[in-house]
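# Working through the structure, step by step
Below, each chain spelled out in residue letters.
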Amino acid sequence: QVQLVESGGGLVQAGGSLRLSCAASGLTFSSYGMGWFRQAPGKEREFVTAISWSGGSTHYADSVKGRFTIARDNAKNTVYLQMNSLKPEDSAVYYCAAAYGGVERVRRGIVEYWGQGTQVTVSS
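Residues numbered from 1 in each chain as written. Predicted model: local features only at pLDDT ≥ 70, side-chain atom pairs only at ≥ 80, totals over all residues. Heavy atoms only, no water.

## Comments concerning the sheet that holds strand β1 (residues 3–7)
For clarity, the cut-off: Strands are treated as partners if at least two bridges between them are detected by DSSP. Helix and strand definitions follow DSSP, with helices as H or I runs of at least four residues and strands as E runs of at least two, each counted in order from the N terminus. Note on method: axes are straight lines fitted to C-alpha atoms, helices fitted across the in-contact stretch only, with angles between N-to-C directions ranging 0 to 180 degrees.
Ordered in space as β1-β3-β8-β7, the four strands form an open sheet in which the pairing is antiparallel. At either margin of the open sheet sits one strand with a lone partner, and together these are β1 and β7 (68–73). Across the sheet, the axes of successive neighbouring strands diverge by a mean angle of 15°, strand direction being ignored. When β7 meets strand β8 (residues 78–83), the two strands line up antiparallel, connected through six bridges. In the strand pairing of β8, Ile-70 is matched with Leu-81.

## With respect to the packing of aromatic side chains
Our working definition: Planes of paired rings set the category: under 30 degrees apart is stacked, over 60 is edge-to-face and the rest tilted, where pairs are Phe, Tyr or Trp rings (Trp by its six-membered ring) whose centres lie within 6.5 Å. Burial classification: accessible surface area is computed with a 1.4 Å probe over protein chains only, and a residue below 20% of its type maximum counts as buried, one above 50% as exposed, and the rest as partly exposed. Definition used: whenever NZ (Lys) or CZ (Arg) falls within 6 Å of the ring centre and also within 35 degrees of the ring normal, the charge is taken to sit over that ring.
The final tally for this structure, using the stated rule, is four aromatic pairs. Judged by centre distance (6.1 Å) and plane angle (50°), the ring pair of Tyr-32 and Tyr-113 falls under tilted. Of this pair, Tyr-32 sits in strand β4 (residues 32–39) while Tyr-113 is found in strand β10 (residues 113–114), placing the two residues 81 residues apart along the sequence. Residue Tyr-32 is classed as buried on the basis of its relative accessible area of 10%. Plain terms: the ring middles of Phe-37 and Trp-114 are 5.0 Å apart, the flat faces sit at 70° to each other, and that makes the pair edge-to-face. Linking Phe-37 in strand β4 with Trp-114 in strand β10, this pair joins segments that are 77 residues apart in sequence. Residue classification places Trp-114 among the partly exposed residues on the basis of a relative accessible area of 35%. One aromatic cluster is present, formed by Tyr-32, Tyr-100 and Tyr-113 through successive ring pairs. Residue placement shows Arg-19 over the ring face of Tyr-80; its charged tip is 4.1 Å from the ring centre. Across from the ring centre of Tyr-95, 3.9 Å away, lies the NZ or CZ of Arg-45, which sits over that ring.

So this is what it looks like as structure tokens:
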């Protein structure tokens, strides 16, 4: 049984930082592109960032470029999202995603597995 378990969400003031983690189990982690999506109330889920199986390729939504960094540790089956300079508009439920194969599948939302989500709230 595949599980993606996010952690690290919470409440932070604008300009602050948070680090999300997603621990994966039940899959060959190094065979999957990984990514993060987010969904704010009343809005559709949107792509945030993705990373290839090796970590050698990353993609970011324009709205988070220069502020967010994705990384992975294949030895720990974990993907991370470092979020800096947070803005109120970053507030959302953040979901971890796994897509078998290339990072492009993650970027396009062709995802095999989703986590349950973790809430990030940025106060102004």
